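One letter stands for each residue in the lines below.
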Amino acid sequence: MDQFLHQVLSGLATGGIYASVALALVMIYQATHLVNFAQGEMAMFATYLAWALLQAGVPYWGAFAITVAGAFVLGVAIERIIIRPVENAPILAVVIVFIALLVIFNSIAGWIFSYTIKPFPSPFPKEPLFGNSYVSSHELGSMSITLVVLLLLFVFFRFTPLGLAMRAAAQNPVSSRLVGIRVGWMLALGWGLAAAIGAIAGMMVAPTVFLEPNMMGGILLYAFAGALLGGIDSPGGAVLGGFLVGVLENVVGAYIGTELKLTLALVVIVGVLVVRPSGMFGKVHVVRV
Amino acid sequence: MSASSVPLLDVRGLAAQYGPTRVLHGIDFAVAEGGITTILGANGAGKTTLLRAVCNMIKTSGEVRLAGARIDGQATESIVRQGVAHVPDGRGTFMNLSVEENLRVGAHVRRDRSEVGADFERMYAHFPRLKERRRQQAGTLSGGEQQMLAVSRALMLRPRLLLLDEPSFGLAPLIVQQLFEILRGINQSDRIGMLLVEQNAAMALALADQAYLLETGRVVMSGSAETIRNDESVRRSYLGY
């Protein structure tokens, strides 16, 4: 039983990471109706930025803040410079752009920082908090940070005028223009926020998976599975889905076999798409023909 | 020319097209300061296109002046920010936002917070149904309720000019009466100019002071609403008596 509890708790910790990335995916999806395949690589690149800052002697939380801000600016810039010109292009063209971004970030990271695995520090103490034997301090800490981020986002989107304008712009761009919302900037802000969330997820996961250009590959897959499970157009659902996938992955890994972890993500993806494409909380889209 | 004689909206040679298809062929019309102008015409005459062209939602040429200043060629958002609200074709409801959030979005560009609060109450007074449903997702409203919401959302901007695309669409006759009374009241109390596109020609002509008749993208007749109402051919083809 202890063993099971341990697996579930540490599953929740990684689930938090998946939930964050899943939420970032959903934010972009709501605005573009496409999954940003480069989301993970953007997070990885931001984590390298944090690593470089730490190497330069910047204290952890300073580097953390600069990285989040830097990722935000990078996200806005990508939308403005790269995504905007293909706004009205056919879906496949945009998908190619996303894949290109993925490859570009991956290669640039490898080129600048090399493909050797680097350790990345955790800001939390080594010994477990409160003397418990179930979760490490890092797991507990990263879970708390994830929850704080999710809570802040919820408050932002729910209760601020800017958050409302961003939701409106993603939902109905034409109507949004007619009430004076600068839709282009709202979409760019969405990219910025998604990139910032990804950066936090990257910094939280790097101490466990180690820093290397391919570190987000698997995580993006789990996050995508989580987003689909919860509903790709439902932010709350995606977060819940991310946590669920984290727990499932850990339990499957512990009781069935580590080899099947990634398979599980694929099973979830295919299963959801076959049985209930809209996920647990997503809307069923009915198209009139 | 004195300031008061400058029309609120002055449009010259307005042309618009969807892709290669021309829909409007050089139209002139105006809305007086505090006046109501109606554009009448059959389906496909280009009425909706005309409203879209005024706030540059489609490829347009020609001159559009708002209180004397050119607004053609500006981004839709910028035109809206100068006080041009739009009740669009299809209502433009934000389906996943609550009724109250829809109204809040309508006031997006305003900075006078306390006044916005008062306007919520005004809208709820105009349309008590919206108040009952203010926490509900707007997508669950009936068509008529969404139409009320679209009008309220546009009014939340406190516009100088209100563009109305078939506000009577989908509303029960009694509600249409009420809506037009409300529009008349707002026009008189706030001096909001209105450009009204309607299928319901009788209602529109009763509300408006100026009228234009549009046929396949051209103005074929214009004048005071009274003159148009009494015109023999208009009466037969648009008013049906």
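None of the values given here were measured: they were computed from a predicted structure.

## Concerning the overall build of chain B
Turning to step 1, where the next piece is worked out: When you go through chain B residue by residue, the secondary structure sums to 10 helices and 10 strands.
Turning to step 2, where the next piece is worked out: Its C-alpha atoms give chain B a radius of gyration of 17 Å, near enough to 18 Å, the size a compact globule of 241 residues would have.
Turning to step 3, where the next piece is worked out: By residue count, 44% of the 241 residues in chain B fall in the buried class.
Turning to step 4, where the next piece is worked out: Residue pairs at least 24 apart in sequence account for 65% of intrachain contacts in chain B once pairs closer than 6 positions are excluded.

## Points about the overall build of chain A
Turning to step 1, where the next piece is worked out: The number of helices and strands found in chain A is 11 helices and 0 strands.
Turning to step 2, where the next piece is worked out: Reading chain A from its N terminus to its C terminus gives the helix and strand order α-α-α-α-α-α-α-α-α-α-α.
Turning to step 3, where the next piece is worked out: Taken along the three principal axes of its C-alpha coordinates, chain A extends 55 × 45 × 35 Å.
Turning to step 4, where the next piece is worked out: Residue burial in chain A is summarised as follows: out of 289 residues, 49% are buried.
Turning to step 5, where the next piece is worked out: Of the contacts formed within chain A by residues at least 6 apart in sequence, a portion of 74% connects residues at least 24 apart.

## What about unusual backbone geometry?
Turning to step 1, where the next piece is worked out: Backbone geometry at Ser114 of chain A places phi at a positive 70°, although glycine is not the residue there.
Turning to step 2, where the next piece is worked out: Relative to the helices and strands, Ser114 of chain A is located in the loop between helix H4 (91-113) and helix H5 (137-159).
Turning to step 3, where the next piece is worked out: By the C-beta count within 10 Å, which is 11 here, Ser114 of chain A ends up exposed.
Turning to step 4, where the next piece is worked out: Unusually for a residue other than glycine, Arg191 of chain B sits at a positive phi of about 55°.
Turning to step 5, where the next piece is worked out: Along the chain, Arg191 of chain B turns up in the loop between helix H7 (173-190) and strand S8 (193-198).

## Some details on the interface of chain A and chain B
Turning to step 1, where the next piece is worked out: Taken residue by residue, the interface counts 15 residues in chain A and 18 residues in chain B.
Turning to step 2, where the next piece is worked out: Every element with two or more residues in the side of chain A that touches chain B is listed here: helix H6 (161-171) and helix H7 (173-178) of chain A.
Turning to step 3, where the next piece is worked out: Examining the composition of the side of chain A that touches chain B, we find that 6 residues originate from one element, H6 of chain A, more than from any other.
Turning to step 4, where the next piece is worked out: Taken together, the residues of the side of chain A that touches chain B sort by class into 8 nonpolar, 4 polar and 3 charged.

## Things to note about the sheet that holds S8 of chain B
Residue and element names in this part refer to chain B.
Turning to step 1, where the next piece is worked out: The strand order S6-S7-S8-S3-S9-S10 describes an open sheet built from 6 strands, whose pairing is mixed. In this open sheet, the two strands that pair with only one neighbour each are strand S6 (84-87) and strand S10 (218-224). Between one strand axis and the next, the sheet turns through 15° on average, direction left out of account.
Turning to step 2, where the next piece is worked out: The sheet contact formed by strand S3 (residues 36-41) and strand S9 (residues 210-215) spans 5 bridges and is parallel. Bridge pairing in S9 links Ile39 to Tyr212.
Turning to step 3, where the next piece is worked out: Most of the contacts of helix H6 (residues 143-155) go to S6, to which it runs at about 175°, and overall it touches S6 and strand S7 (161-165).

## Section: the nonpolar core
Turning to step 1, where the next piece is worked out: In terms of nonpolar packing, the biggest core is built from 161 residues, with Val21, Ala22 and Ala223 of chain A together with Leu163 of chain B touching the most fellow members.
Turning to step 2, where the next piece is worked out: Not counting residues within four places of it along the chain, the set of residues in contact with Ala22 of chain A comprises Ala223, Gly226, Ala227, Ala238, Val239, Gly241 and Gly242 of chain A.

## Notes on the confidence of the model for chain B
Turning to step 1, where the next piece is worked out: Across chain B, the average pLDDT comes to 91, with 98% of residues at or above 70.
Turning to step 2, where the next piece is worked out: On the interface metric, ipTM, the complex scores 0.91, and its pTM is 0.88.

## With respect to the pairing of S7 of chain B
The side chains of a regular strand alternate between the sheet's two faces.
All names here are of chain B.
Turning to step 1, where the next piece is worked out: Counting buried positions over the 5 residues of S7 gives 5, a clear majority of the element.
Turning to step 2, where the next piece is worked out: With 4 bridges joining them, S6 and S7 adopt parallel strand pairing. By the bridge assignment, Val87 is partnered in S7 with Leu164.
Turning to step 3, where the next piece is worked out: Bridging between S7 and S8 involves 5 bridges; their strand directions are parallel. Paired with Leu163 across the strands is Leu195, a residue of S8.
Turning to step 4, where the next piece is worked out: Handedness of the crossover is the feature at issue here: the chain leaves S7, passes through H7, returns alongside S8, and the resulting connection is right-handed.

## Comments concerning the pairing of S8 of chain B
Turning to step 1, where the next piece is worked out: Taking burial as the measure, the 6 residues of S8 of chain B include 6 buried ones, the bulk of the element.
Turning to step 2, where the next piece is worked out: Every second residue of S8 of chain B is oriented toward a common face, with Gly193, Leu195 and Val197 of chain B on one face and Met194, Leu196 and Glu198 of chain B on the other, all of them buried.

## With respect to the sheet that holds strand S4 (residues 60-66) of chain B
Turning to step 1, where the next piece is worked out: The strand order across the open sheet built from 4 strands is S2-S1-S4-S5 (chain B), with neighbouring strands paired in antiparallel fashion. One side of each edge strand has no neighbouring strand; the edge strands of this open sheet are strand S2 (21-31) and strand S5 (69-70) of chain B.

## Some points on the environment of Leu49 of chain A
Residue and element names in this part refer to chain A.
Turning to step 1, where the next piece is worked out: Locating Leu49 in the fold gives a position in helix H2 (residues 39-55).
Turning to step 2, where the next piece is worked out: C-beta crowding within 10 Å serves as the criterion here: with 22 such atoms nearby, Leu49 is assigned to the buried category.
Turning to step 3, where the next piece is worked out: Taking C-alpha positions, Leu49 is 9.8 Å from Val68, a pair spaced 19 residues apart along the chain.
Turning to step 4, where the next piece is worked out: Not counting the four nearest positions on each side in its chain, Leu49 is found in contact with Thr67 and Gly70.

## A word on helix H1 (residues 47-54) of chain B
Residues and elements named next belong to chain B.
Turning to step 1, where the next piece is worked out: In terms of burial, H1 is a largely internal element, 7 of the 8 residues being buried.
Turning to step 2, where the next piece is worked out: For H1, the set of buried residues is Lys47, Thr49, Leu50, Leu51, Arg52, Ala53 and Val54.
Turning to step 3, where the next piece is worked out: One or two positions beyond H1, positive phi appears at Asn56, with a value near 55°.

## Looking at the packing of H2 of chain A against helix H9 (residues 216-230) of chain A
All names here are of chain A.
Turning to step 1, where the next piece is worked out: Packing of H2 against H9 leaves a shortest axis separation of 9 Å and a crossing angle of 135°. Classified by the interaxial angle, the pair formed by H2 and H9 is oblique. As H2 packs across H9, the resulting crossing turns out to be right-handed. For the pair H2 and H9, the contacting residues are Gln39, Gly40, Glu41, Ala43 and Met44 in the first and Met216, Gly217, Ile219 and Leu220 in the second.
Turning to step 2, where the next piece is worked out: When the residues that make up the contact of H2 with H9 are grouped by side-chain class, the tally is 5 nonpolar, 3 polar and 1 charged.

Rules behind the numbers
- Residues numbered from 1 in each chain as written.
- Chains lettered and ligands numbered in written order.
- Predicted model: local features only at pLDDT ≥ 70, side-chain atom pairs only at ≥ 80, totals over all residues.
- Helix = DSSP H or I, 4+ residues; strand = E, 2+ residues; numbered from the N terminus.
- Rg over C-alpha atoms; globule rule 2.2 N^0.38 Å.
- Buried ≥ 20, exposed ≤ 12 C-beta atoms within 10 Å, placed from the backbone.
- Contact = placed C-beta atoms within 7 Å.
- Nonpolar A, V, L, I, M, F, W, Y, C, P; charged D, E, K, R; others polar.
- Pairing = 2+ DSSP bridges.
- Axes fitted to C-alpha atoms, helices over the stretch in contact; angles between N-to-C directions.
- Core = buried A, V, L, I, M, F, W, Y, C linked by C-beta atoms within 7 Å.
- pLDDT = per-residue confidence, 0-100.
- Right-handed = clockwise from strand over helix to strand, strands pointing away.
- Parallel < 35°, antiparallel > 145°, perpendicular 65-115°, else oblique.
- Left-handed = near helix turned anticlockwise from the far one by under 90°.

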